[in-house]
Amino acid sequence: MSRSQQQPSAAATTTTNALDTLSDYQYFSCYFGNFEDGADHYHRGEYQFLDNISCDGLTWKLFVYPCGSDLSSRHEQFLSVGVCCTALGNNRIKHVLAQLSFRVLGDPPIASGPYVTAGLFQSSTTIVGADNFIPLSVLFGWNGGVPYTQRNGNLAIQVGIRSSIEFNDEFDSLASWTPPNTLSSDMMSMLGEAGAETADVFFQVGENKKRFHAHTTILGARAPFLASLAEEEGDGIVIPISGVEPDVFEILLQFVYGGKIPAPYLLKKHARALTDSADRFCCTGLKLAAEVELATSGLSNRTVADLVLFADAKNCAQLKESAIDFIIKNYDAVKATEGYSRVKESSDILVEIMSAMSSSLSSKKRKEPPSNDIGSGYNYKEMNVAMLRRELDNKGLELDGSKEMMISRLETA
């Protein structure tokens, strides 16, 4: 192979960070033929390209500087070695982090062991290696009559490489790009003109009698109550829906067809109406989403009394639990509101509030189960509603209903 008087690039700065992400070492043996005789013909900064190395899906080149690189010590002659990664000509790769190990193979082995360094390869001309790898006096010296250059005069160097690749985001995303899943949008398009021709049921909603079309097969799977109305009235009959605003009914149909939860501002705006309508038409997922919105952003001293009554009527266990907790923490202020007089008319709710208050005063707090694997002997009554729903979901059971209903399902499952 030809040699050159031009050094490809300066040695890259080594790094000791992020090495835990690297692959395992792979080792390669490379040979510089007739090194003992040929080294005398080189000058400082001149290198010999030894071999192409394939490792971790990348191509690497090993360079040897028989009389040292431009950055080698000037007090003693050293053999220098370096590696570059030619794969960095590919624009998909941002950079490669690698740890390198260099060792001269001989008999006996060099006592100091391998030379280890690390570096960040940012272009195909970046060279990382050892400027002061090993003194030439050691290579050409005799130890028990055997030089470190092998008996036939060849220099054998073992190279170890472990690396990790960081891709450019643009190219990486393009390489792994697949078309988006359009099932939800395709289904919701049936609520528009595209689905009108195949619709077999029609709803007339609100005072303005806004008309919506739908398909009984979809309603049967996603909104059983609406499907039952359609079956009672027959195909093509316009069914009046009272007690629901058209905007809310449209959101409900979008959930039925495409599983769409409304944007946060709409969910907050219509949280109570959506909870009510979703409960009425058996759309559990939408009901739970709207209920959680009420529980997290709808409670105040002014609203909590009405909401705890609403939660009790609609079997909104999360909202009811949150409302009772809010009342306990703000009892004096809530007790003074007009709404709390209506709470006092419900003996069942009052009992629950007093019981929760007693537990709170006794410093009994709800505890997370010791692990996600909850045995049949665990007391489900100690769980809060969110934990109960998680366990119900894990077991494939119905999530809606009062806390007592959830506990009963889990205990009998």
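Our structure is the block above this text.
All of the points below concern the structure found in this document. (Residues numbered from 1 in each chain as written. Predicted model: local features only at pLDDT ≥ 70, side-chain atom pairs only at ≥ 80, totals over all residues. Heavy atoms only, no water.)

Some remarks on the overall build of the protein chain
Then step 1. Along its length, the protein chain carries 18 helices and 14 strands.
Then step 2. The proportion of buried residues among the 413 residues of the protein chain is 42%.
Then step 3. Across the protein chain, the fraction of contacts at a sequence separation of at least 24, relative to all contacts at a separation of at least 6, is 63%.
Then step 4. When the accessible surface of the protein chain is summed, it comes to about 22,100 Å², and 48% of that surface belongs to carbon and sulfur atoms. (Helix = DSSP H or I, 4+ residues; strand = E, 2+ residues; numbered from the N terminus. Buried < 20%, exposed > 50% of the residue type's maximum accessible area, 1.4 Å probe, protein only. Contact = heavy atoms within 4.5 Å. Areas by Shrake-Rupley, 256 points an atom, 1.4 Å probe, with all protein chains shown as cover.)

Considering helix H7 (residues 224–233)
Residues lying three or four places apart along an α-helix face the same way, a consequence of the helix completing one turn every 3.6 residues.
Then step 1. Among all positions of H7, only Leu 226, Ala 227, Leu 229 and Ala 230 are buried. Around the axis of H7, the buried residues are gathered within 155° of arc, so they sit on the same side. In H7, the exposed positions angled more than 90 degrees off the buried face are occupied by Glu 231 and Glu 232.
Then step 2. Contacts made by the buried residues of H7 are with strand E12 (201–205), helix H6 (216–222), strand E14 (238–241) and helix H8 (246–258).
Then step 3. Gly 234 sits one or two residues past H7 and shows a positive phi near 95°. (Arc of directions from axis to C-beta.)

Section: the packing of helix H10 (residues 271–280) against helix H12 (residues 304–313)
Then step 1. Following both chains from N to C, one finds H10 and H12 inclined at 15°, their axes separated by 12 Å at the closest point. Of the possible angle classes, the one that applies to H10 and H12 is roughly parallel. The handedness of the crossing between H10 and H12 is left-handed. Counting all contacts with H10, which are made through Arg 272, Thr 275 and Asp 276, the residues of H12 involved are Asp 306, Leu 307 and Phe 310.
Then step 2. A breakdown of the residues in the contact of H10 with H12 according to their chemical character gives two nonpolar, one polar and three charged. (Axes fitted to C-alpha atoms, helices over the stretch in contact; angles between N-to-C directions. Parallel < 35°, antiparallel > 145°, perpendicular 65-115°, else oblique. Left-handed = near helix turned anticlockwise from the far one by under 90°. Nonpolar A, V, L, I, M, F, W, Y, C, P; charged D, E, K, R; others polar.)

Considerations on the pattern of salt bridges
Then step 1. Enumeration over the complete set of coordinates arrives at ten salt bridges.
Then step 2. For Lys 287, the salt bridge is made with Asp 400, and the minimal N-O distance between the two is 2.9 Å. Note that Lys 287 is positioned in helix H11 (residues 284–297) and Asp 400 in the loop between helix H17 (385–394) and helix H18 (403–412), a separation of 113 residues in sequence.
Then step 3. Between Asp 306 and Arg 342 there is a salt bridge; the shortest N-O distance is 2.9 Å. Separated by 36 residues along the polypeptide, Asp 306 in helix H12 and Arg 342 in helix H15 (residues 339–343) bring together distant segments of the chain.
Then step 4. Among the residues examined, Arg 342 registers a relative accessible area of 34% and is labelled partly exposed.
Then step 5. Residues joined in a network through salt bridges with shared partners are Asp 279, Lys 287 and Asp 400. (Salt bridge = Lys/Arg side-chain N within 4 Å of Asp/Glu carboxyl O.)

With respect to the sheet that holds strand E2 (residues 26–32)
Hydrogen bonds between backbone atoms are what pair the strands of a sheet, whose relative direction is either parallel or antiparallel.
Then step 1. Across the sheet, four strands lie side by side as E2-E11-E6-E7; this open sheet has antiparallel pairing. Looking along the sheet, the strands with just one partner apiece sit at the ends: E2 and strand E7 (115–121). Ignoring which end each strand starts from, the neighbouring axes of this sheet average 25° apart.
Then step 2. Two elements, strand E6 (residues 93–105) and E7, share seven bridges in a ladder whose sense is antiparallel. (Pairing = 2+ DSSP bridges.)

Concerning unusual backbone geometry
Then step 1. Backbone geometry places Lys 209, a non-glycine residue, at a positive phi of 55°.
Then step 2. Mapped onto the elements of the fold, Lys 209 is located in the loop between E12 and strand E13 (210–214).
Then step 3. The phi dihedral of Asn 315 is positive, around 55°, even though this residue is not glycine.
Then step 4. Its place among the elements puts Asn 315 in the loop between H12 and helix H13 (317–329).

What is shown is where atoms sit, not what they do.
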